[in-house]
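Here's the letter readout for the chains.
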Amino acid sequence: MSSPATEPRRRRAAFFGSSVGLVVMGIVFDVGASMNVPGVAELQVGEDARMTVTDSGTALTMLVIAAWITVVWRRRMPLLALVAGCVLAVVGVSYVLLLVGAVAVVRREPRRMTWVAGITAALVMLFAIREALTGWGGALPWYFTTRADAQYEPTWIVMSFVWAVVSLGAATGIALYGRARREAMDSDQRAQRELQRADLLTEQMVRQAERERIARDMHDALAHRLSVVSLHAGALEVAAGQAAGAGGGVGQDAGEIARTVREQTHAALQDMRGLIGDLRGGATAPSAGPATTSAIGALLVDLRRGGAQISAFVVIESPERSAALFDSAVFRIVQESLTNAVKHAPGVQIEVYVRTDPKTGARIRVENPVSVRSIETGIVPGGGNGTVGIRERAAALDGTAWIGAHDGTFIVDVTLPWQERG
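Please read all numbers here as calculations on a predicted model, not as lab measurements.

Definitions and cut-offs
- Residues numbered from 1 in each chain as written.
- Predicted model: local features only at pLDDT ≥ 70, side-chain atom pairs only at ≥ 80, totals over all residues.
- Heavy atoms only, no water.
- 1 Å grid on protein atoms, 1.4 Å probe; cavity = no way out; pocket = protein on both sides within 12 Å on 5 of 7 lines; lining within 4 Å.
- Points joined across faces, edges and corners; volume = space filled by probe spheres on them.
- Helix = DSSP H or I, 4+ residues; strand = E, 2+ residues; numbered from the N terminus.
- Nonpolar A, V, L, I, M, F, W, Y, C, P; charged D, E, K, R; others polar.
- Core = buried A, V, L, I, M, F, W, Y, C linked by side-chain atoms within 4.5 Å.
- Buried < 20%, exposed > 50% of the residue type's maximum accessible area, 1.4 Å probe, protein only.
- Phe/Tyr/Trp six-rings, centres within 6.5 Å; stacked < 30°, edge-to-face > 60°.
- Salt bridge = Lys/Arg side-chain N within 4 Å of Asp/Glu carboxyl O.

Visitor: How should the layout of surface pockets be read in this particular structure?
Guide: Where empty space is left can be seen by rolling a probe of water-molecule size over the atoms. Put simply, the second largest pocket is a space of about 1,000 Å³. Lining the second largest pocket are 23 residues, and of these Phe15, Arg74, Arg75, Arg107 and Arg181 lie nearest its centre. Counting residues per element, the ones that place at least two in the lining of the second largest pocket are α1 (6-33), α4 (96-108) and α7 (154-245). Broken down by element, the residue count for the lining of the second largest pocket peaks at 10 residues, all from α7. Of the residues belonging to the lining of the second largest pocket, the class tally is 11 nonpolar, 3 polar and 9 charged.

See the structure below:
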């Protein structure tokens, strides 16, 4: 079985071999046919019949060789072979190269078939008439009869026109076959493109169906549970408020925690509904807030209200110029980094550095000490789907991401190139 790399080389080798064979056979045939041109050879009749090639015959032989070499370039420059064939036909050698050149031109440029066929047919018929009515073409009858006047016999006159008609018919058949083959190949290529297009549409439909299934599952399972959590957090907030009114200090703290749980649960529910709308191809519900760099401040405030210890340095320059995908990626990377830190190292100080500007792009660095609980349980902070998502977002924007523990500190360090809004 041939590989795709070797197939073109084999085709080129086959074409070169066929070209060499065609050139050799054409030269041999036309060198013999050139003897039909008056003045090329001296024909002696009778018992001592022989042919003597003149100096003109030698020059014509060189012309024949040069003309047939053009067959090698019949694919790239078919007009060259056609012109060379016209020259040999006009000189009186033969019209074989003319037919080869005409077929090559029609194959390369089918739109020229009409005028090429007209010129070729006219030259071939004029060639036959000249051989039948003049002194041209006397060598071939001499080969068989050794008589100088044999070419004027009706048999040889008719044969000149028969050979011309048969040659034109063969050349026409080869040209039409090549054209039909090319059209069939073009049809196959169009069918292949349509098949690939149909496969792509089918794949898109399958993906859309899978997205809708995931959206249904998310809505039926997670939406219900988040709604229940939000409902109970609201009830807990009311109960804690009543306890605080009765003079309990603990009730006020519990109410604050319950309110934070309710707000965050409600925000998560809204975010999930927005994601469900995106999966289904249309927003069915607005998200709790835009996933942009302008929302990083609110994100830090919410986490601090929940008890997280965060020291942040955030500088956002020209947010109106950044692309939506870039803006969203910065927010999501900061959000996921903080979520991992709060989840895997609760109660420790978290250092956040975020800076974006059109010249240097975005630099995001989130650090937190590896907690004792994480060390004891063997959990590496940030290891899991969250860090995988951070790396994927960075790679999608041609950025870099370094995530891991170093000297007792877990670090998320991401750099993104700037993307201008279109």
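Visitor: I keep staring at the nonpolar core and nothing clicks. Help me out?
Guide: Grouped burial of nonpolar side chains is what soluble globular proteins tend to show. Judged by nonpolar contacts, the single largest core of 31 residues is most densely connected at Val330, Leu338, Ile364, Val414 and Leu416. Elements with a minimum of two residues in this core: α9 (296-305), α10 (324-344), β4 (349-357), β5 (361-369), α12 (385-396) and β7 (409-416). Looking at this core, the element that brings in the most residues is α10, giving 8 residues. Judged by nonpolar contacts, the second largest core, of 19 residues, contains Ala89, Leu99, Phe127 and Ala164.

Visitor: How should the packing of aromatic side chains be read in this particular structure?
Guide: Two descriptors summarise a pair of aromatic rings, namely the distance from one centre to the other and the angle between the planes of the rings. A full pass over the atoms with the stated rule returns 3 aromatic pairs. Plain terms: the ring middles of Phe313 and Tyr353 are 5.4 Å apart, the flat faces sit at 10 degrees to each other, and that makes the pair stacked. Residue Phe313 is found in strand β3 (residues 309-316), and its partner Tyr353 is found in strand β4; the two are separated by 40 residues along the sequence. Using a relative accessible area of 32% as the deciding quantity, one classes Tyr353 as partly exposed.

Visitor: Would you mind showing me how to read the pattern of salt bridges here?
Guide: Think of it this way: side chains of opposite charge can pair up when their charged atoms draw near. Summed over all chains, the structure comprises 10 salt bridges. Between Arg112 and Glu109 there is a salt bridge whose closest N-O contact spans 2.7 Å. Residues Glu183 and Arg179 are paired through a salt bridge, measuring 3.6 Å at the closest nitrogen-oxygen approach. One end of the pair, Glu183, and the other, Arg179, are both in helix α7, 4 residues apart, so they sit about a helical turn from each other. By relative accessible area, which is 34% here, Arg179 ends up partly exposed. Via salt bridges that share partners, Arg363, Arg365, Glu367 and Asp413 belong to a single interconnected network.

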